[in-house]
Amino acid sequence: MKIPSICILCLCLLSLTACHDDTKTVPSILTDMSNQPGDRTVLIYMAAQNSLNQNARSDSAEISQAAASIPEQGRLLVFIDDGARPRLYRFAHQQKAPVLVKQWEADFCSTSPDRLHDVLSMVKERFPSREYGLVMWSHASGWIPATNTDYEASGGAMRKTMRPFSFGIDTGSRPMGRNNGAEMNIADMAQAIDRAGWHCRYILFDACLMQNLEVAYALRHVTDFVVASPMSIAAAGAYYAHLVPNGLFATSPSVIARTYWEDVSSSDPSLKAQYADFGVVISCIDTQKLQPIADILREALPHSSIADAASPDLSRVLHYQAYTYTYMYRPHNYDALQTFRTILPAEYASRAEEALRQAVVCCYATSAFYIGPGRGNYQVMPTSSADYCGVSLFVPQSIYTRYAPDCPQGDLNQAFKQTEWYRACGFESTGW
C-alpha cells in the first residue's frame, strides 16, 4: 500500500474520501470559461471501489504534494469512486488543496462504459484543452473479456470469487477488501472514449497486464500512445509526486514510462518501502504504427509454427504472467519480440521485429520482476534489452482449451477470436 509522504496531506485528503455537500468551490476553477483552451487536460480515472480503495487516498495525497508543478495552462482532474459517493476534483498549481468539481448524489458503477463516457464528456466540456491525457487506474488483466457487465446491480452477480476482471472492478455495496463486481471490456472502453469526443495524446494504464498488442490495437483510434506494463504491477502503482511534474504533462509520453521505472528502481527508502523488490516492466506504444505489424502477421501466420492449429513449445519464451490456477488461468502474456522470433520463419520474423521496434517507443525494465504465485517466484529479464520489447501478445494453444473449465473466461482461444487483433492479423488462417 502507498504511504502518503506528508502527514498533513493525509489530513487534507480526508475530505476526498468523505461525503461533503457543503464543499466550498471557486467558479473559475470549476469551469474554465475563457475562450482559450488549455494546453493539456489530464484525467486520472480511479475505479477504486475494490481492494485498492486505500491506494486511491495515498495517490491523491501524492498528487496534492505535486500540485505546484502542474503547468499554468494544464488541467489535472481526478475522478474517484471508492467507498464514498463518486467525486471529481481539480488540482491546480495555484491552489493549496484540491477543489471539488462535482459529487454525484448516489453511488454508481465506475466500470460502466456509459459512466466513463459521462465523466469524460463533463471534463472536456468544462476543461477544454488542445490535447488530452487519460490515466486509467484500477485492477486489470488485459484484453481478456469481462465476466460481469451488470453495471446496474449493486456489485453485480459473480461466477467466480477470485479476481476475474478485465479492466476495473466495482464491488458496489460489497466490502472494500473484495474484488467482486462489474468490469469493463476494452472494446467498450474504446467506444466510450470515442463517443465522448476525446482523442488522447496518451493513455496510461496504472493497472496490471495492460501493455499488450490486443489492447493497444483496440485503442488505436482514440489515443496516440499507450503507456502500460505487460506484468502484474505492485499495488502501490505510480508515484504521482514524481509523475505529475515529470510525466503527465511532458511532451513525450515516454517520459511517463521512464519516471515510473525510475521510481520502482529507486534506492530512496520511502520508495523502496512501497515497491520492495517487486520490479517492473513498462513500455510506450505508438498506436499508429501497429497496423504494419498486423499486416506482416497476416502474411506470415500461415507459415508459422502455430499453423494447422499447432501448439509449439513456448517454454523458453519470456512471459509476463504465470499461467496457474491461482491466477484463474489468465494467459501467459508472451513477450511479442521473443514470440515472433520463435513462431515465425526467419524472413518474416525479421520484418515483424523491425515493425515492432518502430511501434515500441521505449521500454524500461528492472533485472527481474515478481511473477508469483507464492514467495520468491521471479521472472529474470534477459541481460540485453535487444532481446525483449516489454509488450505482450496472446498465442493460441491447446492448453487454454484444456483448462477452460477452470478459467472464468472459458476457452481463451475462443475469446481471442472476438478481438480486433485476431481479425486484423488473420489468425483464422492458422486454424485457431
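Above this text sits the structure in question.
The rules we used
Residues numbered from 1 in each chain as written. Predicted model: local features only at pLDDT ≥ 70, side-chain atom pairs only at ≥ 80, totals over all residues. Heavy atoms only, no water. Axes fitted to C-alpha atoms, helices over the stretch in contact; angles between N-to-C directions. Helix = DSSP H or I, 4+ residues; strand = E, 2+ residues; numbered from the N terminus. Parallel < 35°, antiparallel > 145°, perpendicular 65-115°, else oblique. Left-handed = near helix turned anticlockwise from the far one by under 90°. Contact = heavy atoms within 4.5 Å. Nonpolar A, V, L, I, M, F, W, Y, C, P; charged D, E, K, R; others polar. Buried < 20%, exposed > 50% of the residue type's maximum accessible area, 1.4 Å probe, protein only. Core = buried A, V, L, I, M, F, W, Y, C linked by side-chain atoms within 4.5 Å. Phe/Tyr/Trp six-rings, centres within 6.5 Å; stacked < 30°, edge-to-face > 60°. Lys NZ or Arg CZ within 6 Å of the ring centre and 35° of its normal.

Draft legend 1. Expanded view of the packing of helix 3 (residues 53-65) against helix 7 (residues 240-248). It is at 7 Å that the axes of helix 3 and helix 7 come closest, and there the two elements cross at 45°. It follows that helix 3 is oblique to helix 7 by the angle criterion. The handedness of the crossing between helix 3 and helix 7 is right-handed. Here helix 3 contributes Asp-59, Glu-62, Ile-63 and Gln-65 to the contact with helix 7, which in turn contributes Tyr-240, Ala-241 and Val-244. Residues belonging to the contact of helix 3 with helix 7 are distributed by class as follows: four nonpolar, one polar and two charged.

Draft legend 2. Region of interest: unusual backbone geometry. In this structure, Pro-373 follows Gly-372 across a cis peptide bond, with omega equal to -10°. With respect to the element layout, Pro-373 can be found in the loop between strand 13 (368-370) and strand 14 (378-380). One non-glycine residue, Ala-276, adopts positive backbone phi at about 50°. Positionally, Ala-276 belongs in the loop between helix 9 (269-275) and strand 10 (281-286). Taking the relative accessible area as the measure of exposure, Ala-276 reaches 48% and is therefore partly exposed. A positive phi angle, close to 60°, is found at Asp-308, a residue other than glycine.

Draft legend 3. Fine view of the nonpolar core. With 85 residues, the main nonpolar core has Leu-43 and Phe-205 as its most contacted residues. Among the elements that line this core, the one with the most residues is helix 12 (residues 346-359), at six residues. Leaving out residues up to four positions away in the same chain, Leu-43 has contacts with Leu-77, Val-78, Phe-79, Leu-88, Val-119, Leu-120, Val-123, Gly-133, Leu-134, Val-135 and Trp-198. Counting 45 residues, the second largest nonpolar core, distinct from the first, contains Met-46, Ile-80, Val-135 and Ala-238.

Draft legend 4. View of the side chain of His-332. Looking at the secondary structure, you find His-332 in the loop between helix 10 (291-300) and strand 11 (334-335). Relative accessible area serves as the criterion here: at 11%, His-332 is assigned to the buried category.

Draft legend 5. The packing of aromatic side chains, seen in detail. Inspection of the entire model under this criterion finds 23 aromatic pairs. Relative to Phe-369, the ring of Tyr-320 lies with its centre 5.8 Å away and its plane at 25°, an arrangement referred to as stacked. A residue pair is termed long-range when its members are at least 10 positions apart, and Tyr-320 in the loop between helix 10 and strand 11 and Phe-369 in strand 13 qualify at 49 residues. Here Tyr-320 and Phe-369 have matching classes, each one buried. Aromatic ring contacts, followed pair by pair, group Trp-143, Tyr-323, Tyr-325, Tyr-329, Phe-394, Tyr-400, Tyr-403, Phe-416, Tyr-422 and Phe-427 into a single cluster. The ring of Phe-108 has Arg-115 lying over it, and the distance from NZ or CZ to the ring centre is 4.2 Å.

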